[in-house]
Amino acid sequence: YKRQLEDYVDNGATDLWMELCLTPTEHLTPADKDFIVSRFFDANWRHEVEIYPRYAELLRMRREYRPFRDSDIDDLKAWFNIAWFPPEARCEPWRLHDGEEVCVREFIEKGRGFGMDDIVRILEAQLAVMRNVMPLHRHLVDEGQIEVSVSPFYHPILPLLVDTDLATIDAEGASLPPRFNHPEDAKAQLERAAEFFRARFDREPAGLWPSEGSVGEHMVEFVHGAGFRWMATDRGVLERSGEHGYETEDPEILLRPYLAGRPGEQVSTFFRHTRLSDDIGFSMQDYADYDRAAGEFLDWIREGFAGKVDDPTERILTIAVDGENAWGSYRNDARAFLRGLYSRLNDDPDLVAVTPSEFIEGNASRGVASHPVEEQYEVSPLFTASWIDEMGSPHGNDLN
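Note that the structure is predicted; figures quoted are calculated from it, not measured. (Residues numbered from 1 in each chain as written. Predicted model: local features only at pLDDT ≥ 70, side-chain atom pairs only at ≥ 80, totals over all residues. Heavy atoms only, no water.)

Draft legend 1. Local environment of the sheet that holds strand S7 (residues 377–379). Strand order in this open sheet of five strands is S3-S4-S6-S5-S7, and the pairing throughout is mixed. With one partner strand each, in any of the chains shown, strand S3 (207–208) and S7 form the two edges of the open sheet. Pairing of strand S5 (residues 258–260) with S7, which is carried by three bridges, proceeds in the parallel orientation. Note that in S7 the partner of Leu259 across the bridge is Glu378. (Pairing = 2+ DSSP bridges. Helix = DSSP H or I, 4+ residues; strand = E, 2+ residues; numbered from the N terminus.)

The following block contains the structure:
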């Protein structure tokens, strides 16, 4: 994703949506206009479309199969791009990391009658935000406030690159495809991702989020070989790992990293709690009071996990969420929920927010003990699956 951002801001890259926006509507084909009417409502209708009167009007027109004039198409182009700006840029100038300010208030207030000049300015404001994504993350990493994990360069499903014959498919009637067996591709994907990280952050990458949480015993050697010290996936993978599986309902078993891979090639592996992660991604946006939602979320952690292990300081609960699934589904891009969650964590005497590397290495300034690899339990073999348990297949994470 960061490489794509650089292509936009440094190399003049575009995409179909941007090209349609920058083409005068009178020069678009009927197929182009149909595409815009079809795809320029690809946002959360409740929280990103219907909160704006003109955008909501255009959506009603589509629902009622009313024809779109060129002026309606122009407004739709503008609103599709306005809707994705964060709350901070909607009402007043928002100062970015490099000092530039962006604001789309004038366009929100204008509402309709947008011309090409307006659309160009909106897209330029988007590019200003995009230019600041990488520098801001670099700053936060340098400050020690966040840890940035890496994914394989082109988002492949690593276990399938290494050997599709080792895939787990358990859906009724499913069969393996002709064998694809290119471990050198998996190795290259990881090495390219690590090198990209080094060039942007001037440090070695520590953590890997395998695409779709897809892991397996046979790909760990390549993760280790590329220099990664930890990776993360889903509890459902741990549940099916080892000779007899793991009882992941037991917090003593789930709330720890495990060493995956052969001796000398092992990688610390964290297994996310599926339900709590999905609560953030798919459920808590329905709360009327987001501060209450944040409080209840931490109460679940305290009562369901911290209170059920012998030594909470030696345990870690992993939460992993796809951001694109979540924030647009919350009112105001989840600002109230996120602020409630982080402020409560900041003040909580019992719960400490840590990064995976911080948990492994320790942080004396924050009272976080180290948990070196030689003290971690082994998981062998690591099951081959993604973080998904396909609907309609037997219980258990898989690669269906």
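Draft legend 2. Structural context of the nonpolar core. Judged by nonpolar contacts, the single largest core of 56 residues is most densely connected at Met231, Phe337 and Leu382. Here this core takes seven residues from helix H10 (residues 183–201), the largest share from any one element. Residues Ala83, Phe85, Phe114 and Val129 belong to the second largest nonpolar core, which totals 36 residues. (Core = buried A, V, L, I, M, F, W, Y, C linked by side-chain atoms within 4.5 Å. Buried < 20%, exposed > 50% of the residue type's maximum accessible area, 1.4 Å probe, protein only.)

Draft legend 3. How the structure looks around the packing of helix H6 (residues 70–82) against helix H8 (residues 116–142). Here H6 crosses H8 at 15 degrees, and the two axes come no closer than 10 Å. Judged by the inter-axis angle, H6 sits roughly parallel to H8. Considering only the axes of H6 and H8, their crossing is left-handed. When H6 is examined against H8, the residues Asp74, Lys77, Ala78, Asn81 and Ile82 are found in contact with a partner set consisting of Ile119, Ile122, Leu123 and Gln126. For the contact of H6 with H8, the residue count by class is five nonpolar, two polar and two charged. (Axes fitted to C-alpha atoms, helices over the stretch in contact; angles between N-to-C directions. Parallel < 35°, antiparallel > 145°, perpendicular 65-115°, else oblique. Left-handed = near helix turned anticlockwise from the far one by under 90°. Contact = heavy atoms within 4.5 Å. Nonpolar A, V, L, I, M, F, W, Y, C, P; charged D, E, K, R; others polar.)

Draft legend 4. Quick look at the pattern of salt bridges. Within the structure shown, the criterion is met by 41 salt bridges. The residue Asp70 makes a salt bridge to Lys33 at a minimum N-O spacing of 2.8 Å. Placement of the pair is Asp70 in helix H6 and Lys33 in helix H3 (residues 30–39), with a sequence separation of 37 residues. On the basis of relative accessible area, Lys33 is assigned to the partly exposed category, the value being 21%. When the shortest N-O distance is used, the salt bridge between Asp142 and Arg138 registers 3.0 Å. Highlighted residues: Asp142 and Arg138, both in helix H8, separated by four residues, approximately one helical turn. (Salt bridge = Lys/Arg side-chain N within 4 Å of Asp/Glu carboxyl O.)

Draft legend 5. Examining the pairing of strand S4 (residues 230–234) more closely. For S4, a buried count of five out of five residues is recorded, marking the element as mostly surrounded by other parts of the structure. Taken together, the two bridges between S3 and S4 define a ladder with parallel strand orientation. From the neighbouring strand, Leu208 faces S4, where its bridge partner is Met231. What joins S3 to S4 is helix H11 (residues 220–225), and the crossover it makes is right-handed. (Right-handed = clockwise from strand over helix to strand, strands pointing away.)

Draft legend 6. Representation of the side chain of Ser241 in the model. Note that Ser241 resides in the loop between helix H12 (235–239) and helix H13 (251–254). Side-chain polar atoms of Ser241 contact the backbone oxygen of Val237, separated by 2.7 Å. Those residues in contact with Ser241, other than ones at most four positions away along the chain, are Tyr246, Val379, Pro381, Leu382 and Phe383. (Polar contact = N/O pair within 3.5 Å; in protein donor to acceptor, adjacent residues only side chain to side chain.)

Draft legend 7. Broad picture of the packing of aromatic side chains. Summed over all chains, the structure comprises 18 aromatic pairs. Centroid distance Phe40 to Phe80: 4.7 Å. Interplanar angle 35 degrees. Geometry classified as tilted. With a gap of 40 residues between them, Phe40 in the loop between H3 and helix H4 (45–49) and Phe80 in helix H6 connect regions that are remote in the sequence. Judged by relative accessible area, which is 0%, Phe40 ranks as buried. Ring geometry for Phe80 versus Trp84: centroids 6.5 Å apart, planes at 75 degrees, classification edge-to-face. An aromatic cluster is present here, built from Phe41, Tyr52, Tyr55, Trp79 and Phe114 joined pairwise through their rings. Here the guanidinium or amino end of Arg192 rests over the ring plane of Phe153, the centre of that ring lying 4.7 Å away. The residue whose ring lies beneath Arg275 is Trp300, and the NZ or CZ to ring-centre distance is 5.7 Å. (Phe/Tyr/Trp six-rings, centres within 6.5 Å; stacked < 30°, edge-to-face > 60°. Lys NZ or Arg CZ within 6 Å of the ring centre and 35° of its normal.)

Draft legend 8. Here's a closer look at the environment of Asp32. Here Asp32 is to be found in helix H3. A residue is classified by how much of its surface remains accessible, and Asp32, at 23% relative accessible area, is partly exposed. Between the alpha carbons of Asp32 and Gly213 there is a distance of 36 Å; along the sequence they are 181 residues apart.

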